[in-house]
Amino acid sequence: MKNEPILIIGKNGKTGSRVDLRLRSLGYETRAVSRSTSPVFDWENSATWQTAIKGARVAYVTYHPDLALPQAEDRIKEFVKLARENGLEHIVLLSGRGEDGALRAENALKESGITWNIVRCSWFNQNFSESFMLQGILAGELVLPEADTLEPFIDADDIADVVVATLTEPGHKNRLYELTGPQALNFAQCVNEISEALSRPIKYTTVPVEDYIHALREQGESKDIQSLIHLLFTVVFDGRNSNVMPGVEEALNRQPTDFKSYIQKTIESGVWDDVLQKVSA
Ligand SMILES: NC(=O)c1ccc[n+]([C@@H]2O[C@H](COP(=O)([O-])OP(=O)(O)OC[C@H]3O[C@@H](n4cnc5c(N)ncnc54)[C@H](OP(=O)(O)O)[C@@H]3O)[C@@H](O)[C@H]2O)c1
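These lines cover the structure that appears in this document, whether it is placed above or below. Note on numbering: residues in each chain are counted from 1, in written sequence order. In view of the model being predicted, local features appear only for residues whose pLDDT reaches at least 70, and side-chain atom pairs are presented and counted only at 80 or more, with totals across whole chains, interfaces and linings using the full set of residues. The basis for the side-chain values is all heavy atoms of the structure; hydrogens and waters are excluded.

### Brief notes about the pattern of salt bridges
Salt bridges are defined by distance alone: a side-chain nitrogen of Lys or Arg within 4 Å of a carboxyl oxygen of Asp or Glu. By the definition in use, this model includes 22 salt bridges. Between E85 and K81 there is a salt bridge, with the nearest N and O atoms lying 3.0 Å from each other. With E85 and K81 both in helix α3 (residues 72-85) and 4 residues apart, the pair spans about one turn of that helix. Assigned by exposure class, E85 and K81 land together as exposed. Here D238 and R240 are joined by a salt bridge, their closest N and O atoms 3.0 Å apart. For R240, a relative accessible area of 36% puts it in the partly exposed group. Taken together, the shared-partner salt bridges connect R18, R22, E130, D155, D157, D158, D161, R254 and K265 into one network. In DSSP terms, a helix is any run of H or I states spanning at least four residues, a strand is any run of E spanning at least two, and both are numbered starting from the N terminus. The buried label applies to any residue whose accessible area, calculated with a 1.4 Å probe on protein chains only, is under 20% of its type's maximum; exposed applies above 50%, and partly exposed to all values in between.

Here it is, written out as structure tokens:
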């Protein structure tokens, strides 16, 4: 088993990179792929999929940009069919909470005949440090569409620990783990906590969602990203995902990382150093 590569789709992603690191440090061979790897794996080009799959029996799959988008269901259906035909026996799928599209993609995997795990997650802490909110944190003003919804942000390190458990340990097959952090916070509270920990004011500004989408369009963001942000802030952020879930404890027998611990380790990682330099300047 350790000699067969574990396929990871999303090598450079927030979770794929962490899963890859953990598996390799445990002695597993991995084949972590994305558009910039060899072999190439591109969700937009199904001709690239088979080479990536061949020879692997187990896979961690992250879809890009998001399972909530309408095309995701068909892509996941096509992928799991090809995976089964090419000898994949178990797939762990990263999913999102409260999204109809994600639910349809999850069902496509469950009905595929391959054994599965669904790791269904709340918003990631790392959106503030490795994704679209980083720039605002560094700039000292985070601008977002209006939303005071409470979200129990989950840490990507916890997600990776759960994924690795499902890929390598017995007793997890065909289980859905719904992962959240231990406490729900709104964006204003998150920004406030980050700002206090960095000892630097960071403003949280909200704009109507249409204005935000307009700005994304001006910046040349893809239509997919525009639709995704629209869907998240007009539909998914209606409070349906505010409840805390016990998925981390169910899978790992420990509590999830809290937001303060996330902030501390992120400060130590240096990713917010620009902010720190501005403070000391
Ligand atoms: N962020 C959240 O809060 C959140 C919450 C719940 C669920 N999710 C789910 O998380 C998934 C994303 O996982 P993640 O956050 O670990 O990854 P990620 O950080 O979004 O992955 C980014 C990587 O995806 C690769 N990529 C971009 N386009 C691609 C394509 N067409 N084909 C293949 N790879 C492509 C890029 O690498 P290359 O440039 O090398 O291709 C990029 O570095 C989504 O399905 C989303 O639904 C996210």
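We are not done yet, so read on.
### Details of the site of the ligand
The immediate surroundings of the ligand are formed by 25 residues, with T15, S34, S36, Y63 and N127 found nearest. N or O atoms within 3.5 Å of each other form a polar contact, as long as, within protein, one can give a hydrogen and the other can take it, and as long as residues adjacent in sequence are counted only when both atoms are side-chain atoms. With respect to the ligand, the side chain of D66 contributes an N or O atom lying 3.1 Å from an oxygen atom. Here the shell around the ligand gets 3 residues from one element, more than from any other, and that element is strand β4 (residues 90-96). In this classification, Asp, Glu, Lys and Arg are treated as charged, Ala, Val, Leu, Ile, Met, Phe, Trp, Tyr, Cys and Pro as nonpolar, and every other residue, Gly included, as polar. Its residues placed into classes, the shell around the ligand shows 9 nonpolar, 11 polar and 5 charged. When at least one non-hydrogen atom of a residue lies within 4 Å of a molecule or strand, that residue is treated as near it.

### Description of the state of the cysteines
Cysteine sulfur atoms are paired as a disulfide whenever they fall within 2.5 Å. For the structure shown, the criterion picks out 0 disulfides. Here C121 stays free of any disulfide, with the sulfur of C190 as its closest cysteine sulfur at 16 Å. Its relative accessible area of 0% is what places C190 among the buried residues.

### Details of the environment of E89
Tracing the backbone shows E89 in the loop between α3 and β4. Through-space distance from the C-alpha of E89 to that of D100 is 26 Å; in sequence the pair is 11 residues apart. E89 has contacts with R57, I114 and T115, leaving out every residue within four places of it along the chain. In what follows, residue pairs with any heavy atoms lying within 4.5 Å of each other are defined as contacts.

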